[in-house]
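Observations on the model geometry
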Amino acid sequence: MKTQQINCYNCSSSEIQLYDTENGFNLVKCKNCGLLYVNPQPDRSEIEKAHEIGQHRGEKTIDVTGNFSSQKVETYLKIIKDFYGEKCQEFSGKKWLDIGCGHGEFIKAIEIFSEGTCNIQGIEPNVYKQKSAQNQGLNVSFFDLDKCETKYDFISLLNVYSHLPNPIESLTNWSNLLTEEGELLIQTGDSADLNSQDHHKPYYLPDHLSFVSEKILTDILKKIGFNIFQIKKYRFSEFPVPSLTSVTKETLKLIVPHKKSSLFTELFPKHPNRDMWIRATKKIEVL
Ligand SMILES: [Zn+2]
């Protein structure tokens, strides 16, 4: 696979220290701003191809295609209600674009919440996921966002940020697709300031290319012209909510030789609530 050595996309520094390795890739930490990123990084053409087919090459090929998950729809609905209350009429007639929508679970959740009154569509490069979303009756396709002339009232980016080779460039371009009072909803992990022992794993390198902290991401958003007005954090989906059965099972594993227990890595991790959701609007330019 073709790879290239890169500098930090946030602060351009080349000063790095090794943070961890996985699947034949190095995750490094920028000594200047603290961003975690894959370096060397797969070539852009490799990244684009991987997004299309949903497979990422490394020592092992990672298949990230998966299936439509009703459970995910439920989780998203809870989060949407937490953010927007019960005011489903707020979305009535609004244009919403969900970028990198996967199987379309978030679109489904918005459709349920808005009682079908929101004009939401999704864009997804992976053909299998596109089909899967279309099979759910959702408006999902793939088109060139650089040539898109539609303006949207809402743009969401859920679990997309970490996959972008240059998020600043992408976010800047996509912010032009928002109406003047349009809103960006972005979700990613807040994990760059954790020790590697405490970071959720696997990292899914090189499918994920960088990890931010709240400070790094809010600074980036401000720099490209956004006002941040709400941040919420939830339990990471990688960390299952402990139940009596799972706690008992994983506790027993602690005392049985050669058994690996996930009691402290998944059920009671040190930093469970690092699933970060940010709402931001474009700054109004005063002439
Ligand atoms: Zn940096």
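As shown above, the structure is provided for reference.
Residues numbered from 1 in each chain as written. Predicted model: local features only at pLDDT ≥ 70, side-chain atom pairs only at ≥ 80, totals over all residues. Heavy atoms only, no water.

Before going further, it helps to spend a moment on helix H2 (residues 70-84). If you check H2, its first and last C-alpha atoms are 21 Å apart, about what 15 residues at 1.5 Å a residue would give, namely 21 Å. The set of residues buried in H2 consists of Val73, Tyr76, Leu77, Ile79, Ile80, Phe83 and Tyr84. Those residues of H2 that are buried lie in contact with strand E8 (95-99), helix H3 (105-113), strand E11 (152-158), strand E12 (178-189), strand E14 (226-234) and strand E15 (275-282). Just downstream of H2 lies Gly85, where phi reads positive at about 65°. (Helix = DSSP H or I, 4+ residues; strand = E, 2+ residues; numbered from the N terminus. Expected span 1.5 Å × (residues − 1). Buried < 20%, exposed > 50% of the residue type's maximum accessible area, 1.4 Å probe, protein only. Contact = heavy atoms within 4.5 Å.)

Now for the sheet that holds E15. Taken in spatial order, the seven strands line up as E10-E9-E8-E11-E12-E15-E14 in an open sheet, and their pairing is mixed. Whereas interior strands pair on both sides, the edge strands pair on one side only; in this sheet they are strand E10 (140-141) and E14. Contacts from H2 reach E8, E11, E12, E14 and E15, with the element oriented near 130° to E14. (Pairing = 2+ DSSP bridges. Axes fitted to C-alpha atoms, helices over the stretch in contact; angles between N-to-C directions.)

Our next topic: the packing of aromatic side chains. Taken as a whole and judged by the stated rule, the model has 15 aromatic pairs. Between Phe83 and Trp277, the ring centres sit 6.3 Å apart and the planes meet at 45°, which makes this aromatic pair tilted. Pair noted here: Phe83 is in helix H2 and Trp277 is in strand E15, with a separation of 194 residues, a long-range link. Note on accessibility: Phe83 and Trp277 belong to one class, buried. Taken together, a centroid distance of 6.4 Å and an interplanar angle of 90° make the contact between Tyr234 and Trp277 edge-to-face. Pair noted here: Tyr234 is in strand E14 and Trp277 is in strand E15, with a separation of 43 residues, a long-range link. Each member of the pair, Tyr234 as well as Trp277, carries the same accessibility label: buried. (Phe/Tyr/Trp six-rings, centres within 6.5 Å; stacked < 30°, edge-to-face > 60°.)

Bringing the coordination of the zinc ion into the picture now. Binding of the zinc ion to the protein goes through Cys8 (SG), Cys11 (SG), Cys30 (SG) and Cys33 (SG), at separations of 2.3 Å. Of note is the zinc ion, whose four donor atoms meet at the metal with angles of 99 to 120° in an arrangement that counts as tetrahedral. All donors of the zinc ion belong to a single chain; written as a sequence motif, their spacing is C-x2-C-x18-C-x2-C. Note that Cys8 is positioned in the loop between strand E1 (3-4) and strand E2 (16-22) and Cys33 in the loop between strand E3 (25-30) and strand E4 (36-38), a separation of 25 residues in sequence. The class for Cys8 is buried, based on a relative accessible area of 3%. (Donors = N, O, S within 2.8 Å, 3.2 Å for Na, K, Ca; no water. Tetrahedral: all angles 85-135°; square planar, octahedral: opposite > 155°, others 65-115°.)

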